[in-house]
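Chain residues, written in single-letter form:
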Amino acid sequence: MHLKKYLRKCLHRLQKGPGYTYKELLVWYCNNTNTHGPKRIICEGPKKKAMWFLITLLFTSLVCWQWGVFIRTYLSWEVSVSLSIGFKTMDFPAVTICNASPFQYSKVKHLLKDLDELMEAVLERILAPEQSYANATRTLNFTIWNDTPLVLIDERKPSRPVVLDLLGDVHNGSASSSPAPGRTCTAQGCKVAMRLATNIFSQVPRHKLVEMGYPAERLILACLFGPEPCNYRNFTSIFHPDYGNCYIFNWGMTEKALPSANPGAEFGLKLILDIGQEDYVPFLTSTAGARLLLHGQRSYPFIKDEGIYAMSGTETSIGVLVDKLERKGEPYSQCTVNGSDVPVRNLYSDYNTTYSIQACIRSCFQEHMIQNCSCAHFLYPLPHGERYCNNREFPDWAYCYSHLCMSVAQRETCINMCKESCNDTQYKMTISMADWPSEASEDWIFHVLSQERDQSTNITLNRKGVVKLNIYFQEFNYRIIEESAANNIVWLLSNLGGQFGFWMGGSVLCLIEFGEILIDFVWITIIKLVAFAKSLRQRRAQARYAGPPPTVAELVEAHTNFGFQPDVARPGPDPGTYPDEQTLPIPGTPPPNYDSLRLQPLDVIESDSEGDAI
Amino acid sequence: MLAMAPGEKIKAKIKKNLPVRGPQAPTIKELMRWYCLNTNTHGCRRIVVSRGRLRRLLWILFTLTAVALIFWQCALLVASFYTVSVSIKVHFQKLDFPAVTICNINPYKYSVVRDLLADLEQETRVALKTLYGFPENTSRKRREAESWNSAWEGTRPKFLKLVPLMAFGQDETGEAKDFLTGRKRKFNGRIIHKASDATHVHLSKEVVGFQLCSNDTSHCALYTFSSGVNAIQEWYTLHYMNIMAQVPLEKKINMSYSAEELLVTCLFDGVSCDARNFTLFHHPMYGNCYTFNNRENETILSTSMGGSEYGLQVILYLNEEEYNPFLVSSSGAKVIVHRQDEYPFIEDVGTEIEPAMATSIGMHLTESFKLSEPYSQCTEDGSDVPISNIYKAAYSLQICLHSCFQTKMVEKCGCAQYNQPLPPAANYCNYQQHPNWMYCYYELHQAFVREELGCQAVCREACSFKEWTLTTSLAQWPSVVSEKWLLPILTWDQGQQIKKKLNKTDLAKLLIFYKDLNQRSIMESPANSIEMLLSNFGGQLGLWMSCSVVCVIEIIEVFFIDSFSIIARHQWQKAKEWWARRHAPPGPQGRDNPGLDVDDELPTFTSALRLPPAPGTQVPGTPPPRYNTLRLERAFSDQLTDTQVPAES
């Protein structure tokens with residue numbers, strides 16, 4: 001029913017129309033619109049008219065162009081940055097502490113026995129090449145050696161370098177099979193030892209490795225957070241393949257993160273560590289000290305990349321400034337909130353840590369490693385159902401690994417696949433150092449610490465082992481860089497309005513007016529078309545009648561009175577014949593022809609008179 | 001009608017249908033009234049339409065206030081047009097590794113340069129002995145010191161004579177003790193304290209200084225130092241520069257350390273590198289320095305992984321035995337991270353490395369881009385700074401300042417200072433050619449520090465620069481247990497260069513790496529564009545008066561063109577009247593029909609503008625009624641009668 005009503009209304013409207021011709025409509029519009037230009041087009045002389053017409057056109061095109069510029073700017077999703085610096089109560093960063101040596105030498109000696117003997121033999125051989133033949137006859141386990149031999153490359157003749165196996169005859173294999181040949185072999189020697197050691201350690205189960213590392217109670221001697229004492233139980237243990245047991249303070253995994261409400265060393269974390277330098281694995285690390293990293297709560301510590309050293313026998317003071325970057329996500333920048341939309345499986349999610357790009361890149365590398373070398377690298381987490389590389393099962397993994405490491409393409413694919421995380425926190429550190437303990441206080445401090453740890457009255461510590469750390473917030477402890485949309489919808493609207501107003505004094509209502517006029521325009525066109533169609537039909541009908549249109553009586557009586565005979569049907573009173581037939585007896589006014597009102601369709605007349613209308 | 005051309009037909013039709021109207025006001029007042037009634041701006045209309053004087057006054061006030069506000073706000077907008085907004089972006093990407101320049105703190109091997117410096121050293125030791133009773137026996141090389149002492153008798157002290165070291169009491173400034181002769185002598189000249197007054201702790205102490213004189217010895221300046229250490233070092237450096245300025249560059253390079261000697265091992269991105277990857281860079285005060293990743297015609301190395309594994313790892317051989325005891329009092333190396341085309345100002349911004357330590361330097365890259373003129377005073381490449389760049393490197397503020405000073409030095413003193421490169425057609429200062437350059441240099445340097453030379457005003461900062469923020473941490477190296485095997489291996493390794501066992505304190509380990517590959521770019525961008533300015537104008541105009549450019553054009557039209565034409569018309573009429581009164585005798589012709597006269601002589605607005613006259617205006621008397629003239633008047637036709645204005649002409 002409604003539809004029918006609506007359609008009828010439409011029809012009505014169609015028949016009626018706005019009732020203007022195009023010109024009327026335009027003049028009416030120009031006269032009544034609220035935009036400033038058109039009004040002037042119609043009210044003055046032709047020169048001014050032309051001028052105003054041009055001006056209006058120019059301004060309209062200007063407005064359209066500027067609108068285009070603004071809309072494009074808006075759709076470029078630019079961000080503006082706000083920077084705030086100050087002090088507020090913030091969660092103290094998580095502090096990860098490791099010893100530079102992963103294991104206690106006394107506990108891993110049995111595993112590394114063969115390797116160490118080999119290394120010593122090699123050293124002897126290098127330092128005294130002539131005399132060493134006698135010593136080399138010592139019983140050595142050559143199984144490790146045969147996998148990856150150390151070679152000496154004699155480059156005195158650059159055209160034909162001689163490759164010497166240090167413990168055997170002249171090595172006749174190609175040089176590329178040995179890891180990274182070079183003129184100087186020290187760093188490589190150390191590296192190879194490291195690689196062989198990882199090889200050995202990768203076969204040892206994880207819990208045994210943890211046992212071989214430094215236990216928390218041996219590493220952490222004293223701990224003080226602000227005024228509160230803390231001890232090694234406040235630290236969460238995590239195993240790092242390079243640094244052994246690492247301990248994380250304030251990781252925020254199980255309990256709430258500790259806040260710090262005051263700047264200055266008094267309110268920060270104070271630690272005394274014993275790194276036990278005498279028990280370092282000699283060929284594994286040559287640097288002595290504690291490794292330290294500040295990172296956000298619930299994030300995995302990538303201590304090898306971002307960590308810093310703290311030297312033994314010194315007090316290292318670290319002032320912290322939290323540098324936060326908060327990005328706006330899509331569509332403003334390419335970042336990910338939790339890494340779920342990154343096509344790399346985060347292997348570090350086993351630790352229950354948040355997404356970071358470092359974790360992504362490492363996971364990506366491990367994936368590539370498994371694809372290319374079919375075993376997982378020892379330094380990165382193990383995906384389910386995979387195995388760590390070792391020489392027994394995967395004899396050529398070391399070559400495969402070094403090949404993969406050198407491949408630039410692999411790194412770049414990983415960088416391209418991984419997205420930055422939207423919230424990025426860095427800890428800027430100001431580091432200063434001083435000697436600790438001082439000569440005067442050395443004696444009693446070592447006494448007290450030895451007593452506490454080993455319950456012995458003798459001094460069991462020395463300068464080379466102790467590290468003191470102060471970590472605290474600086475006077476300004478945060479610097480937050482926050483992105484916000486540079487151009488929001490309000491900005492867009494106000495600029496669009498400004499442009500329209502500036503050039504033409506228009507507003508949204510003017511646009512609506514214009515839209516109305518357009519609709520009217522369409523209506524007029526439709527009406528004209530309808531009229532045109534009707535007139536066509538009319539002409540056809542007229543052609544059918546072949547005479548003047550029917551009178552009213554004809555039309556009406558034809559339906560009601562079947563016996564009706566129209567006047568016109570009579571041949572007598574034909575008006576055209578009056579002047580010719582002078583036979584009428586009475587000259588003067590003829591009797592009125594009552595049925596002479598002929599109905600023409602209305603719109604046909606209208607369309608005829610259109611030319612005169614204004 | 002049929003004979004008319006189509007163009008004329010259209011014209012006639014337009015004329016017929018759109019009759020010309022216009023401000024045909026005869027007076028300015030009428031024009032204003034017409035303007036106020038027909039303008040698009042709000043407010044003006046109110047002035048005319050309002051009834052009552054108070055109300056009209058109020059509306060005038062409001063309108064004027066709005067106009068004033070518009071002007072003020074638009075002025076503010078224009079004034080703040082050249083502001084910048086800063087955006088900070090962080091990218092994670094493959095980064096170019098910077099150039100790393102490494103120098104030994106000691107410039108030349110002492111055993112080699114000793115021949116050149118023997119006299120100077122001898123005199124320094126004597127000065128120390130006389131001044132502080134310094135026992136010669138404590139010197140490291142006892143035997144040799146004694147031999148110098150015996151040699152002392154024969155030669156005459158030339159350095160102390162040239163620039164005498166003096167000790168004198170703080171309170172008696174006029175009296176100084178020349179300790180070469182031991183005699184007290186009157187000193188009349190300016191005294192310049194190198195130490196500021198705030199740092200003077202021991203006021204009663206004797207202070208040490210030296211005297212510098214210009215060509216005629218009447219102009220002398222005495223430089224004093226709070227501590228003898230500074231005085232002696234400063235004095236020594238002065239003479240040292242004198243001596244070294246006369247040595248040719250090739251000889252100096254040979255006297256210094258070779259790359260093979262300095263770099264024991266080198267490892268970049270896990271791959272071995274060696275001395276061939278370093279380029280030599282000779283610095284006047286630091287001798288031979290070596291720059292990594294700065295080789296010409298080679299691609300710049302880049303890192304695609306963060307962490308110390310993937311950076312540069314070098315072990316340096318410092319050879320502390322070869323240190324010059326008076327020139328450098330610290331030991332170690334200096335390292336500077338810089339752009340490939342940047343000049344390493346190692347004396348200004350270097351980071352020092354301690355021997356027997358592993359120094360790990362984590363880098364963060366920050367790039368800054370500023371907008372140049374008219375937003376700020378920075379310069380893109382230094383070409384618009386009136387100082388010629390004497391360095392073979394890209395422009396920086398520091399290069400500009402040093403170049404400026406060096407140029408001034410050549411101008412004023414006639415020779416170039418030893419620390420900086422030579423400008424064209426100049427040579428380094430020395431005694432032989434420029435006996436009084438030291439005084440000149442000190443004077444000039446004082447002026448430079450006090451910003452009297454104008455260098456600081458002329459030099460502008462560069463628009464874009466890269467900065468590497470360094471996080472330095474130290475660890476003991478080698479560790480106690482690894483020392484046993486590490487040192488012999490390194491000794492064996494260096495066997496070709498040096499014939500002695502390496503000591504722990506002769507070595508330093510350096511690691512330089514990107515902490516992570518986050519690159520921060522700080523970019524300035526224009527805060528305003530011309531579109532923004534216009535739309536802000538539009539906002540202001542629209543807010544206060546609902547005005548637009550159309551209104552501005554209207555104002556120009558009405559207030560300038562129309563008013564001008566009305567005034568001109570009046571003047572024209574007055575002139576004509578005056579002319580008529582002057583020449584034509586007053587007669588009664590035409591007096592009976594004054595309306596015709598006016599019609600002829602007063603040009604209307606349209607006739608003044610030579611517009612075609614509107615149909616109907618020139619027809620005297622009642623025109624025949626046109627039935628097709630019923631027009632819908634604009635909004636004001638159905639105005640209330642009380643606000644109806646008097647009918648216009």
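Everything numeric here is computed off the predicted structure, so don't read it as measured data. (Residues numbered from 1 in each chain as written. Chains lettered and ligands numbered in written order. Predicted model: local features only at pLDDT ≥ 70, side-chain atom pairs only at ≥ 80, totals over all residues. Heavy atoms only, no water.)

Any chance you could break down the overall build of chain B for me, citing the residues and the numbers?
The helix and strand inventory of chain B stands at 19 helices and 20 strands. Considering chain B as a whole, with its 649 residues, one finds that 47% of them fall into the buried category. Counting contacts in chain B only where the partners sit at least 6 residues apart, residues at least 24 apart contribute 75% of the total. By element, 57% of the accessible surface of chain B is carried by carbon and sulfur atoms, the whole surface being about 33900 Å². (Helix = DSSP H or I, 4+ residues; strand = E, 2+ residues; numbered from the N terminus. Buried < 20%, exposed > 50% of the residue type's maximum accessible area, 1.4 Å probe, protein only. Contact = heavy atoms within 4.5 Å. Areas by Shrake-Rupley, 256 points an atom, 1.4 Å probe, with all protein chains shown as cover.)

Could you give an account of the overall build of chain A, naming the residues involved and the relevant values?
What chain A contains, in helices and strands, is 19 helices and 18 strands. For chain A, buried positions account for 46% of its 614 residues. Taking the contacts inside chain A whose residues are at least 6 apart along the sequence as the reference set, 74% of them involve residues at least 24 apart.

Report on helix α5 (residues 110-132) of chain B, specifying residues and quantitative values.
All names here are of chain B. With 23 residues, α5 extends only 25 Å from end C-alpha to end C-alpha; this falls clearly short of the ideal 33 Å at 1.5 Å per step. Maximum bend of α5: about 75 degrees, positioned at L117. Regarding α5, the residues found buried are Y110, V113, L117, L120, E121, Q122, E123, T124, V126, A127, L128 and L131. Taken from the residues just after α5, G133 is the one with a positive phi, measuring 65 degrees. (Expected span 1.5 Å × (residues − 1). Bend = angle between axes of the 7 residues up to and from the residue.)

Residue-level account of the state of the cysteines, with values.
Inspection of every chain in the model, using the stated rule, returns 14 disulfides over all chains. Paired through a disulfide, C360(A) and C418(A) show a sulfur-sulfur distance of 1.9 Å. Residues C360(A) and C418(A) are joined by a disulfide whose S-S torsion is about -85 degrees; by sign, that bridge is left-handed. Here C360(A) is found in helix α12 (residues 357-373), whereas its partner C418(A) is found in the loop between α14 (408-417) and β16 (420-421), with 58 residues between them in sequence. Judged by relative accessible area, which is 7%, C418(A) ranks as buried. Disulfide partner of C364(A): C414(A), at an S-S distance of 2.1 Å. Disulfide C364(A)-C414(A): the torsion about the S-S bond is -85 degrees, which places it as left-handed. Of the two residues, C364(A) is situated in helix α12 and C414(A) in helix α14; the sequence distance between them amounts to 50 residues. Look at C414(A) and you get buried, because its relative accessible area is 1%. Here C36(B) stays free of any disulfide, with the sulfur of C44(B) as its closest cysteine sulfur at 4.7 Å. C547(B) supplies the cysteine sulfur nearest to C551(B), a cysteine that is in no disulfide, at a spacing of 3.6 Å. (Disulfide = S-S within 2.5 Å.)

Explain the UniProt feature "transmembrane region" (unreviewed entry) in chain A to me, using residue names and the numbers behind them.
Residues annotated in UniProt with the feature "transmembrane region" (unreviewed entry) correspond here to residues 50-70 of chain A. Structurally, residues 50-70 of chain A is divided into 100% helix and 0% strand, and its ends, taken at the C-alpha atoms, are 30 Å apart. (UniProt positions renumbered as here; feature names shortened; annotations may be inferred.)

Explain the UniProt feature "transmembrane region" (unreviewed entry) in chain B residue by residue, including any values.
UniProt records the feature "transmembrane region" (unreviewed entry) for residues 57-82 of chain B in the present numbering. In residues 57-82 of chain B, helix accounts for 88% and strand for 0%; the two terminal C-alpha atoms are 39 Å from one another.

Can you break down the interface of chain A and chain B residue by residue, with the values?
Of the residues lining the interface, 84 residues belong to chain A; the matching set on chain B comes to 86 residues. Among the ionic pairs, K304(A) bridges to E309(B), the shortest N-O distance being 3.3 Å. The interface formed by chain A and chain B contains 19 residue pairs in polar contact (both at pLDDT 80 or more). Ranked by residues supplied to the side of chain A that touches chain B, first place goes to helix α4 (residues 46-75) of chain A with 10 residues. Of the residues that constitute the side of chain A that touches chain B, the class distribution is 40 nonpolar, 20 polar and 24 charged. (Salt bridge = Lys/Arg side-chain N within 4 Å of Asp/Glu carboxyl O. Polar contact = N/O pair within 3.5 Å; in protein donor to acceptor, adjacent residues only side chain to side chain. Nonpolar A, V, L, I, M, F, W, Y, C, P; charged D, E, K, R; others polar.)

Explain the domain arrangement of chain B to me, using residue names and the numbers behind them.
One can read the domain layout of chain B as domain 1 (23-81 + 530-563), domain 2 (84-106 + 256-368 + 465-525), domain 3 (111-135 + 157-246) and domain 4 (377-462). Measuring from the centre of the C-alpha atoms in domain 1 of chain B to the corresponding centre in domain 4 of chain B gives 59 Å. (Domains from an automatic or database assignment.)

How would you summarise the side chain of Q66(A) if you had to cite specific residues and measurements?
Within the fold, Q66(A) resides in helix α4. Relative accessible area serves as the criterion here: at 2%, Q66(A) is assigned to the buried category. Other than its neighbours up to four places away in sequence, Q66(A) contacts Q499(A), W503(A), E531(B) and L534(B).

Would you mind going over the sheet that holds strand β13 (residues 287-292) of chain B in detail, with residue names and values included?
Residue and element names in this part refer to chain B. If you walk across this open sheet you meet the five strands as β12-β13-β3-β16-β17, and the pairing is antiparallel. A single partner strand is all that each edge strand has here, and the edge strands are β12 (278-283) and β17 (351-353). Strand-to-strand twist in this sheet, taken as the mean axis angle between neighbours without regard to direction, amounts to 30 degrees. Where strand β3 (residues 99-104) lies against β13, four bridges are found, and the strand directions are antiparallel. Within β13, the residue paired with V100 across the bridge is F292. (Pairing = 2+ DSSP bridges. Axes fitted to C-alpha atoms, helices over the stretch in contact; angles between N-to-C directions.)

Quick rundown of unusual backbone geometry? Include the residues and the values.
Cis peptide bonds are those with omega within 30 degrees of zero, and the linkage from E330(A) to P331(A) qualifies with -5 degrees. Mapped onto the elements, P331(A) comes out in the loop between β14 (314-326) and β15 (335-336). In this model, W477(B) is joined to P478(B) through a cis peptide bond whose omega is -5 degrees. Relative to the helices and strands, P478(B) is located in the loop between β19 (464-476) and α15 (480-493). The backbone of A425(B) sits at a positive phi, close to 60 degrees, despite the residue not being glycine. When you line up the elements, A425(B) lands in the loop between α12 (397-413) and α13 (437-449). Judged by relative accessible area, A425(B) falls into the exposed class, the value being 85%.

Go over the side chain of E322(B) with me, naming the residues and quoting the values.
Residues and elements named next belong to chain B. With respect to the element layout, E322 can be found in the loop between β15 (312-317) and β16 (333-338). This buried residue, E322, is left without a salt bridge; K109 holds the nearest opposite charge, at 6.4 Å. Once residues within four sequence positions are removed from consideration, E322 is found in contact with N106, Y108, K109, Y110, S111 and Y257. (Lys, Arg positive; Asp, Glu negative; His and termini not counted.)

Lay out the packing of α12(A) against α14(A) in plain terms, naming residues and giving numbers.
Residue and element names in this part refer to chain A. Their axes nearest at 9 Å, the elements α12 and α14 cross at an angle of 135 degrees. The angle between α12 and α14 places the two elements in the oblique class. Seen from above, α12 lies across α14 with right-handed handedness. Contacts from I361, C364, F365 and H368 of α12 reach α14 at Q410, T413, C414 and I415. (Parallel < 35°, antiparallel > 145°, perpendicular 65-115°, else oblique. Left-handed = near helix turned anticlockwise from the far one by under 90°.)

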